[in-house]
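Structural overview for review
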Amino acid sequence: MPEGTRTGNDWINSYLEAILDVGPGLVDDAKSSLLLRERGHFSPTRYFVEEVITGFDETDLHRSWVRAAATRSPQERNTRLENLCWRIWNLARQKKQLEEKEAQRMTKRRLERERGRREATADMSEDLSEGEKGDVVTDVSTHGDSVRGRLPRINSVDAMETFISQQKGKKLYIVLISLHGLIRGENMELGRDSDTGGQVKYVVELARALGSMPGVYRVDLLTRQVSSPDVDWSYGEPTEMLTPLSAEGFEEETGESSGSYIIRIPFGPKDQYIPKENLWPHIPEFVDGALNHVIQMSKVLGEQVGGGKPIWPVAIHGHYADAGDSAALLSGALNVPMLFTGHSLGRDKLEQLLKQGRQSRDEINATYKIMRRIEAEELSLDASEIVITSTRQEIDEQWRLYDGFDPILERKIRARIRRNVSCYGRFMPRMVVIPPGMEFHHIVPLDGDMDGETDTSEDHHPTPADPPIWTEIMRFFTNPRKPMILALARPDPKKNITTLVKAFGECRPLRELANLTLIMGNRDGIDDMSSTSASVLLSVLKLIDKHDLYGQVAYPKHHKQSDVPEIYRLAAKTKGVFINPAFIEPFGLTLIEAAAYGLPIVATKNGGPVDIVQVLDNGLLVDPHDQQSIADALLKLVADKHLWARCRQNGLKNIHLYSWPAHCKTYLSRIASCKARHPQWQRSDDGAESSESDSPSDSLRDIQDLSLNLKFSMDGEKSGISVNESSLESEGSIDRKNKIESAVLAWSKGISRDTRKAGFSEKADHNSSGKFPVLRRRKHLIVICVDCDTISDLIDTTKKIFEATEKERTEESIGYILSTSLTITEIRSFLVSGGLGPNDFDAFICNSGSDLYYPSINSDDRPFVVDFYYHSHIEYRWGGEGLRKTLVRWATSINDKKGGSEEQNVTASEQLSTDYCYAFKVQKPAMVPPVKELRKVLRIQALRCHVIYCQNGTRLNAIPVAASRSQALRYLYLRWGVDLSKMVVVAGECGDTDYEGLLGGLHKSVVLKGVGSNAISQLHTNRNYPLSDVLATDSPNIVQTTEGCGSDDIRGALEKLEVVKN
């Protein structure tokens, strides 16, 4: 503000004081108060622009203030500046309010976690000694080994030879999943958009490296098939084989299907490349497609190297939240172990965005679908055996923000497992630090570079023999012989490129000694870039102009992925420095790449670079917010040639600690520590499972299978129960086994008698002579998933569906499955009330997906047959008695909140509960917390399950985390080969809180408009995220009827889906 206006504008100080009252979050108190008190030296322009406006990242305010300050008329200038002060003050006030709300939320969260930890510890009654609690730093089970202590052991020659010998003869099949972005093996378009970044390169190289390891037969990297005119045709190819690494000493016999492959699964809009935020509604479709691929590939591998028996994946590894959600569903459907790598985490991003104060929580969710992403990460914690991180920082500062992970409780659980003591149904994934690897065999430093010396007399102007990218970069420089400071990052605000340019531009000694090269992705024109990227690039260009950096800064528009090694080599040739100034860097793979080419590094002190610099000892860490610190570190390395040479030498000497073989050895050893799981009915003594003969002996074979399954279920080691589960043999579990034994015996006798009566004749009734169950032979299956308000409504809806398909029902080309929250006893009453019989349906999915029944041959005495294999399939991480006690305690706390009322709102129902479903009756649904709150309570106590409000909120079902109504359909496909694309799910307009899982997938759906609509207001109003974020309502596989539809309307919908003919 001009000198003449200062004395007449005392009003500005009151606004400044109001802003400063916000606290240290906005500005530095000491510095600000000094600015205010030294009136003669106070510059409002500088204060607002550099302190307040920059703090809010409001670039429009910056431009407005500069224009206002340049206004010639003093009166107009003062008026405009006053208005801007009001605006800035209002922003500061809003930010203070948001920070207060966030502080209250964090306090509440801390109290909830402490209470949950106390209750969990109280349930796990045995106290731990000090030696069993585990040390925060050295507890391997929690954080993995220390980086420096672990890597040399991994890469020792003896250890690697031992590992290779142990892997001989193994034929492992590993599945990796990475959904978003554009993924291909060669010429990756890194930086093309925010979805195609370092994760793409990481998963491709991981797949390639794992495929070259001894004992690994095949690796599939599953991603999305993109057949869009906006992208290259190669992303539409269904399969791409990755060229193997040259792994000396790892050579093994290869087979027809061995190696590493990119498998592209079609899902979502067929001709569109869409951002990751829009993929959520299409995840079930991917899971179904991936399930089909894995089943087929397991059979193929079994024929090739498995002696005719399927080779199931040893692990399914999801990368990022969307793939984690997919991997949880896929691993649950296949009953195989799951691994997860977050890459970047939603809660951490949400915290950062809220601190900026620019958007509310609702606005952030609308933009990033952040709450769906966080729930996917929580689900990944529920299902994962191992969570792989790149750094300790990710565990200590990011994963601990999640309900499903508590480092303190994790150590207690792990200590109890080591002692073979029950954890009372509590589970925590194992956090393991495995830094990403890199392939170094192709890196050959330039001649004369190995000792860190470069011929300074050499003219660095490009020659015809130089790589083209060198010419592209050096044309920017007036003096290309100066050392090059290299930054390689997309133009994203969190990469902090603008602070780097400021630091370079305002440090004269640094400008005189070095050039700056910014590789900021690829672009054709600024107008074609996203608004965020364009804003960053424009800011960089303005800073270059402001500090007159022409001839000193390079910012080429294009580069290929194959050019990146040459860029590193050019920087090393000029004795340059690589810098990563990001505000937070989860790992920092570019730092390892730069070190491999002999470049010293300067990196942010927030995140993975701390571990990298500690191991490589080849650079300096800086505060990314401190511009002067960045300039000083760069100047120190560029000016001190001895320090530069020492950092270069250390990097080249230690870089082997980050090799891909080292990474993969640790990776495979961690997988080996997981308890092997796979579909239980596939056994070495069952050679006829895949038989295609229509023989009644199939039924007897199923009985034999169930008897063997009973044998397995009584042995913790064989049934898939973990050590801590099998040590908990309560009276309840013994009773359950007695029930199973009795049920199997009764069923066996019943079917044996019926098969004798049928005389084993293939011409007898189809229920006794054909394959069991009969749903194997249907052309289509209609799955009735309508969550009606009353039983009579369900009867009416079922009869309408039967009437709509009467012709096909008579021909037996269409079968029916009832999928509901009802118990099997309630289903029997439903059938009697509706005048229906068990054989009108091919299967019954009960208790919200925790039980599966088929109609019995002897429908009079024993109308239903339970599928015990399904129970063994879903019992992973089932909390049992520990979960039941916690739910009862929760129900008691809800009832206590009602005060003196004698009527209990939530009560446990033994009659409605089963071994894999704990049911509670709810008298007043409006008085109970939403399902997300109960889910949080259970996760905080390390209890893993699905909780579902059903029947308009009057019942609560808690079922295993691997169970659901949608997962039961995938089980039918896996177990009996029922094609998912031949299924038609009939559902209401809304329903139970598991409704969102019903409509997506390869199956077709008919939505009965108006049915179940009451649940929208009663059960789905207080969700973490709106249903619209996860339902693909525009899918061609979903048809909606008119309200109050009849059988003709339902048939018309089925005709549109080509299930029935007109």
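Please refer to the structure higher up on the page.
Reading the values: the criteria
Residues numbered from 1 in each chain as written. Predicted model: local features only at pLDDT ≥ 70, side-chain atom pairs only at ≥ 80, totals over all residues. Heavy atoms only, no water. Helix = DSSP H or I, 4+ residues; strand = E, 2+ residues; numbered from the N terminus. Buried < 20%, exposed > 50% of the residue type's maximum accessible area, 1.4 Å probe, protein only. Contact = heavy atoms within 4.5 Å. Areas by Shrake-Rupley, 256 points an atom, 1.4 Å probe, with all protein chains shown as cover. Pairing = 2+ DSSP bridges. Phe/Tyr/Trp six-rings, centres within 6.5 Å; stacked < 30°, edge-to-face > 60°. Lys NZ or Arg CZ within 6 Å of the ring centre and 35° of its normal. Axes fitted to C-alpha atoms, helices over the stretch in contact; angles between N-to-C directions. Right-handed = clockwise from strand over helix to strand, strands pointing away. Core = buried A, V, L, I, M, F, W, Y, C linked by side-chain atoms within 4.5 Å.

**A closer look at the overall build of the protein**
Tallying secondary structure elements over the protein gives 41 helices and 26 strands in all. Buried positions account for 58% of the 1062 residues belonging to the protein. Sequence separation of 24 or more characterises 73% of the internal contacts of the protein that already satisfy a separation of 6 or more. In the structure as shown, the protein presents an accessible area of about 43400 Å², 49% of it carried by carbon and sulfur atoms.

**A short note on the pairing of strand β25 (residues 1004–1008)**
The buried count for β25 comes to five of five residues, which makes it a mostly enclosed element. Side chains Lys-1004, Val-1006 and Leu-1008 of β25 all project onto a buried face; the interleaved residues Ser-1005 and Val-1007 project onto the opposite face, where all are buried too. Where strand β24 (residues 983–988) lies against β25, five bridges are found, and the strand directions are parallel. Each residue of the ladder has a partner; that of Val-984, found in β25, is Lys-1004. When β25 meets strand β26 (residues 1038–1040), the two strands line up parallel, connected through three bridges. Each residue of the ladder has a partner; that of Val-1006, found in β26, is Val-1039.

**Re the packing of aromatic side chains**
For the coordinates displayed, the defined rule picks out 16 aromatic pairs. Ring geometry for Phe-476 versus Tyr-555: centroids 5.1 Å apart, planes at 50°, classification tilted. With Phe-476 in the loop between α18 (468–474) and β9 (484–488) and Tyr-555 in the loop between β11 (553–554) and α22 (564–573), this pair connects stretches of sequence that are 79 residues apart. Relative accessible area serves as the criterion here: at 18%, Phe-476 is assigned to the buried category. Plain terms: the ring middles of Tyr-853 and Phe-864 are 6.5 Å apart, the flat faces sit at 75° to each other, and that makes the pair edge-to-face. Of this pair, Tyr-853 sits in strand β18 (residues 851–855) while Phe-864 sits in strand β19 (residues 864–866), and the two are eleven residues apart along the sequence. The exposure class of Phe-864 is buried, given its relative accessible area of 16%. Put simply, the rings of Phe-802, Tyr-816, Phe-841, Phe-844, Tyr-853 and Phe-864 touch in pairs and so form one group of aromatic residues. In this structure, Arg-224 is placed above the aromatic ring of Phe-267, and the distance from its NZ or CZ to the ring centre is 5.7 Å.

**So, the sheet that holds β18**
The strand order across the open sheet formed by eight strands is β19-β18-β17-β16-β15-β24-β25-β26, and the pairing between neighbours is mixed. Across the chains shown, the open sheet's two edge strands, defined by having one partner strand only, are β19 and β26. On average, adjacent strands in this sheet sit at an angle of 25° to one another, irrespective of strand direction. Across the sheet, helix α34 (residues 824–833) lies against β16 (814–819), β17 (843–846), β18 and β19, angled at about 130° from β17, the strand it touches most.

**Here we look at the pairing of β16**
Of all six residues in β16, six are buried, a share of seventy percent or more. Burial along β16 is two-sided: Ile-814, Tyr-816 and Leu-818 facing one way and Gly-815, Ile-817 and Ser-819 facing the other are all buried. The pairing of strand β15 (residues 780–784) with β16 spans five bridges and is parallel. Looking at β16, one finds that Ile-784 is bridged to Leu-818. At this point the chain moves from β16, through α34, to the parallel β17, and the crossover so formed is right-handed.

**Section: unusual backbone geometry**
Trans peptide bonds make up most of the peptide bonds, and negative phi angles are found at most residues other than glycine. A positive phi angle, close to 60°, is found at Asn-335, a residue other than glycine. Looking at the element boundaries, Asn-335 is found in the loop between α12 (320–334) and β6 (338–341). Even without glycine at this site, Glu-812 takes up a positive phi of about 65°. Locating Glu-812 in the fold gives a position in the loop between α33 (806–811) and β16. On the basis of relative accessibility, which here comes to 38%, the residue Glu-812 falls in the partly exposed class.

**Structural notes on the environment of Glu-933**
Along the chain, Glu-933 turns up in helix α37 (residues 931–940). Looking at Glu-933, the relative accessible area reads 25%, which means it is partly exposed. In this structure, the C-alpha to C-alpha distance between Glu-933 and Asn-1022, residues 89 residues apart in sequence, is 9.9 Å.

**As for the nonpolar core**
Core analysis: the biggest nonpolar cluster contains 125 residues, and Ile-177, Phe-286, Leu-334, Trp-399 and Leu-972 have the highest contact counts within it. With nine residues, helix α11 (residues 283–305) is the largest single contributor of residues to this core. Core analysis: the second largest hydrophobic core is formed by 73 residues, Met-438, Met-520, Ala-571 and Leu-634 among them.

Everything listed here is a matter of geometry and, on its own, says nothing about what the molecule does.
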